[in-house]
Amino acid sequence: MEKIDLNHKTILVTGAAGFIGSNLVKRLLNDLSGATIVGIDNMNDYYDPTLKEYRLRELENNATTDLTDKTDYPLNPSHPWSNKWIFVRGDISDKPTIDKLFDDYHFDVVVNLAAQAGVRYSITNPDAYIQSNLIGFYNILEACRNHPVEHLVYASSSSVYGGNKKVPFSTDDRVDNPVSLYAATKKSNELMAHCYSKLYDIPSTGLRFFTVYGPAGRPDMAYFGFTNKLLKGDTIQIYNYGNCRRDFTYVDDIVEGIVRVMQGAPERKKGEDGLPIPPYAVYNIGGGQPENLLDFVTILQEELVRAGVLPQDFDFEAHKQLVPMQPGDVPTTYADATALERDYGFTPKITLREGLRHFAEWYKQYYF
């Protein structure tokens with residue numbers, strides 16, 4: 001593994017106004033010294049863009065810069081760490097935009113988190129997934145080929161495991177049976193990255209995230225959608241009659257894993273034939289503690305009441321409906337994250353109750 005000191009580096013984070021991307025940028029701005037962090041996001045309306053604008057304002061507060069649509073800002077000497085934050089409204093599927101970014105900044109480390117997310121949405125809107133997850137990622141790979149980087153880190157997904165029956169899911173398992181287009185695009189990202197690592201000696205690491213949640217998360221995720229519906233008095237639907245299990249991972253744990261992985265790139269080596277051995281790796285980042293959906297809903301309800309989002313006498317049973325499994329869904333996700341622990345000394349630690357408490361408190365503050 002090749003160690004990378006992120007201080008004084010130029011780092012690209014795609015999907016920087018997204019849930020994971022904005023939390024990563026915030027962490028880098030707080031932790032690093034003398035770094036230039038460039039974020040790009042197309043600010044699409046897959047979910048309410050005002051939430052993305054909110055995340056950008058939070059980054060503005062961390063970077064103590066004026067966040068506008070300009071593509072460059074002066075270094076702010078009043079910021080104690082003097083990191084430079086640059087935000088670009090643009091789409092990674094637009095090749096000239098990506099090429100210009102790499103021409104201008106010559107990135108040392110790239111973290112690709114931009115993607116069209118969501119399993120069910122991929123059934124009705126496949127074009128969005130091809131554009132962002134395939135063409136967009138291809139543009140990033142091509143840019144890394146033409147402007148060599150020290151490390152490309154990119155988001156994969158636990159969805160690549162499809163209907164695998166063996167648990168916990170290991171990165172050694174075969175993942176050839178995706179059950180959604182979203183999963184197929186994420187598996188394709190891993191294959192494309194392997195190809196570019198082999199052909200062009202680009203150190204790349206894919207991270208399979210397991211059900212990420214937390215404050216200012218994606219409204220299409222169950223915990224967020226359930227909260228919105230309960231608040232309106234609507235009924236929430238619990239799939240597979242409550243017999244689903246999810247390996248929920250709090251966003252701070254995901255970010256901690258990303259930051260550690262950024263600092264350790266797969267080593268470049270030559271094989272016996274004199275050609276590069278692909279400097280390529282894939283890791284799971286998951287809690288390793290799959291939770292039954294019914295238990296998850298119970299904890300969420302308790303924390304929403306505790307935070308004052310829902311009244312003390314709220315009738316939960318009247319607002320729950322058990323329904324069959326939905327197309328593209330899987331019954332269980334369960335991460336074997338021992339490789340991450342072995343290579344980077346990290347295992348997610350934040351419990352579901354602790355994480356949902358943070359979410360409920362944020363929800364109260366943001367919406368009330």
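Cut-offs and rules
Residues numbered from 1 in each chain as written. Predicted model: local features only at pLDDT ≥ 70, side-chain atom pairs only at ≥ 80, totals over all residues. Heavy atoms only, no water. Buried < 20%, exposed > 50% of the residue type's maximum accessible area, 1.4 Å probe, protein only. Helix = DSSP H or I, 4+ residues; strand = E, 2+ residues; numbered from the N terminus. Pairing = 2+ DSSP bridges. Expected span 1.5 Å × (residues − 1). Contact = heavy atoms within 4.5 Å. Salt bridge = Lys/Arg side-chain N within 4 Å of Asp/Glu carboxyl O. 1 Å grid on protein atoms, 1.4 Å probe; cavity = no way out; pocket = protein on both sides within 12 Å on 5 of 7 lines; lining within 4 Å. Points joined across faces, edges and corners; volume = space filled by probe spheres on them. Nonpolar A, V, L, I, M, F, W, Y, C, P; charged D, E, K, R; others polar. Axes fitted to C-alpha atoms, helices over the stretch in contact; angles between N-to-C directions. Core = buried A, V, L, I, M, F, W, Y, C linked by side-chain atoms within 4.5 Å. Patch = residues over 30% accessible without salt bridge, like charges linked within 9 Å, V, L, I, M, F, W, Y side chains within 5 Å. Areas by Shrake-Rupley, 256 points an atom, 1.4 Å probe, with all protein chains shown as cover. Phe/Tyr/Trp six-rings, centres within 6.5 Å; stacked < 30°, edge-to-face > 60°. Lys NZ or Arg CZ within 6 Å of the ring centre and 35° of its normal.

Colleague: Any chance you could explain the pairing of strand β15 (residues 280-285) here in plain terms?
Modeller: Here is the key point about a regular strand: its side chains alternate between the two faces of the sheet. Of all six residues in β15, five are buried, a share of seventy percent or more. Where strand β7 (residues 204-209) meets β15, six bridges bridge the pair, whose relative direction is parallel. Bridge assignment links Ser204 to a residue of β15, and that residue is Tyr280.

Colleague: Even after reading the chapter, I still don't get helix α6 (residues 181-200), so can you show me in this structure?
Modeller: Residues that lie three or four places apart on an α-helix share one face, since the helix turns once every 3.6 residues. Counted at 1.5 Å a residue, the expected span for α6 with its 20 residues is 28 Å, and the 28 Å between its end C-alpha atoms agrees. If you check which residues of α6 are buried, you get Tyr182, Ala183, Thr185, Lys186, Lys187, Asn189, Glu190, Met192, Ala193, Tyr196 and Ser197. Elements that come into contact with the buried residues of α6 comprise α4 (121-124), α5 (126-146), β6 (151-157), β7 and β15. One or two residues past the end of α6 sits Asp201, with phi positive at roughly 60°.

Colleague: Got a minute to help me understand the pattern of salt bridges in this structure?
Modeller: Where charged atoms from two side chains of opposite charge approach closely, those side chains can pair. Within the structure shown, the criterion is met by 20 salt bridges. A salt bridge links Glu53 to Arg89, with the nearest nitrogen and oxygen atoms 3.1 Å apart. On the criterion of sequence distance, the pair formed by Glu53 in helix α2 (residues 49-63) and Arg89 in strand β4 (residues 84-89) is long-range, its members being 36 residues apart. A residue is classified by how much of its surface remains accessible, and Glu53, at 29% relative accessible area, is partly exposed. Of the residues examined, Arg89 reaches a relative accessible area of 38% and is grouped as partly exposed.

Colleague: Teacher, can you tell me more about the layout of surface pockets here?
Modeller: A water-sized probe rolled over the atoms picks out the places where empty space is left. Empty space within the second largest pocket amounts to approximately 220 Å³. Forming the boundary of the second largest pocket are 14 residues, of which Thr171, Asp172, Val282, Ala339 and Arg342 lie nearest the centre. Secondary-structure elements contributing two or more residues to the lining of the second largest pocket are β15 and α10 (338-344). In terms of residue count, α10 provides more of the lining of the second largest pocket than any other element does, five residues in total. Here the residues of the lining of the second largest pocket are counted per class, giving six nonpolar, four polar and four charged.

Colleague: I'm lost on the environment of Gln116 in this one. Help?
Modeller: By the element assignment, Gln116 lies in the loop between β5 (109-112) and α4. Accessibility expressed as a relative area gives 7% for Gln116, which makes it buried. When the C-alpha positions of Gln116 and Thr185 are compared, they lie 9.7 Å apart, and in sequence the two are 69 residues distant. Those residues in contact with Gln116 that sit more than four places away from it in its chain are Asn44, Tyr46, Tyr121, Ala128, Tyr129, Ser132, Asn133 and Tyr182.

Colleague: I'm lost on the pairing of β5 in this one. Help?
Modeller: Both faces of β5 are covered, namely the face carrying Val109 and Val111 and the face carrying Val110 and Asn112. As judged from the four bridges shared by β5 and β6, these two strands associate in the parallel manner. Each residue of the ladder has a partner; that of Asn112, found in β6, is Tyr154.

Colleague: How should helix α7 (residues 222-232) be read in this particular structure?
Modeller: Restricting attention to buried positions, one finds in α7 the residues Tyr223, Phe224, Gly225, Phe226, Thr227 and Leu230. Of the surrounding elements, those touching the buried residues of α7 are α1 (19-31), α2, β8 (212-213), β9 (236-238), α9 (293-306) and α11 (352-367). One or two positions beyond α7, positive phi appears at Gly233, with a value near 85°.

Colleague: Mind showing me how you'd approach the sheet that holds β15 here?
Modeller: Strand pairing within a sheet occurs via backbone hydrogen bonds; the two strands may be parallel or antiparallel. Taken in spatial order, the seven strands of this open sheet run β4-β3-β2-β5-β6-β7-β15, and their pairing is parallel. Every other strand in the sheet has two partners, leaving β4 and β15 as the edge strands with one partner each. Neighbour to neighbour, the strand axes of the sheet diverge by 15° on average, direction disregarded. Bridge count between strand β2 (residues 10-14) and strand β3 (residues 36-41): five bridges; the pairing is parallel. Paired with Ile11 across the bridge in β3 is Ile37. Sheet strands in contact with α1 are β2, β3, β4, β5 and β7, and its direction is about 160° off that of β2.

Colleague: Could you clarify how one ought to interpret the nonpolar core in this entry?
Modeller: The nonpolar side chains of a soluble globular protein tend to be buried, and buried together. Counting 77 residues, the largest nonpolar core has Leu24, Leu28, Trp85, Phe209, Tyr223, Ile258 and Met262 as the members making the most contacts within it. Residues within four places of Phe209 in sequence aside, it is in contact with Ile20, Leu113, Ala155, Ser156, Ser157, Ser158, Ile254, Ile258 and Ile285. Judged by nonpolar contacts, the second largest core, of 26 residues, contains Ile40, Tyr105, Phe137 and Ile202.

Colleague: Would you mind going over a nonpolar patch on the surface with me for this structure?
Modeller: Together, Leu231, Tyr367 and Phe368 make up a nonpolar patch on the protein surface, roughly 310 Å² of accessible area in all. Structurally, Leu231 can be placed in helix α7. The exposure class of Leu231 is partly exposed, given its relative accessible area of 36%.

Colleague: What is the right way to look at the side chain of Thr249 in this model?
Modeller: Mapped onto the secondary structure, Thr249 falls in strand β11 (residues 249-250). Not counting residues within four places of it along the chain, the set of residues in contact with Thr249 comprises Phe210, Thr211, Val212, Tyr213, Ile254, Ile285, Gly286, Gly287 and Pro348.

Colleague: Sorry, what's going on with the packing of aromatic side chains here?
Modeller: Tallied over the entire structure, the rule returns 34 aromatic pairs. Ring centres 6.3 Å apart and planes at 90° place the aromatic pair Phe224 and Tyr367 in the edge-to-face group. Separated by 143 residues along the polypeptide, Phe224 in helix α7 and Tyr367 in helix α11 bring together distant segments of the chain. With centroids separated by 4.9 Å and ring planes inclined at 15°, the aromatic side chains of Trp362 and Tyr366 adopt a geometry described as stacked. You can see Trp362 and its partner Tyr366 sitting in helix α11, four residues apart, about one turn around the helix. On the basis of relative accessible area, Trp362 is assigned to the buried category, the value being 8%. The ring of Tyr200 is capped by Arg145, whose NZ or CZ atom sits 4.8 Å from the centre of that ring.

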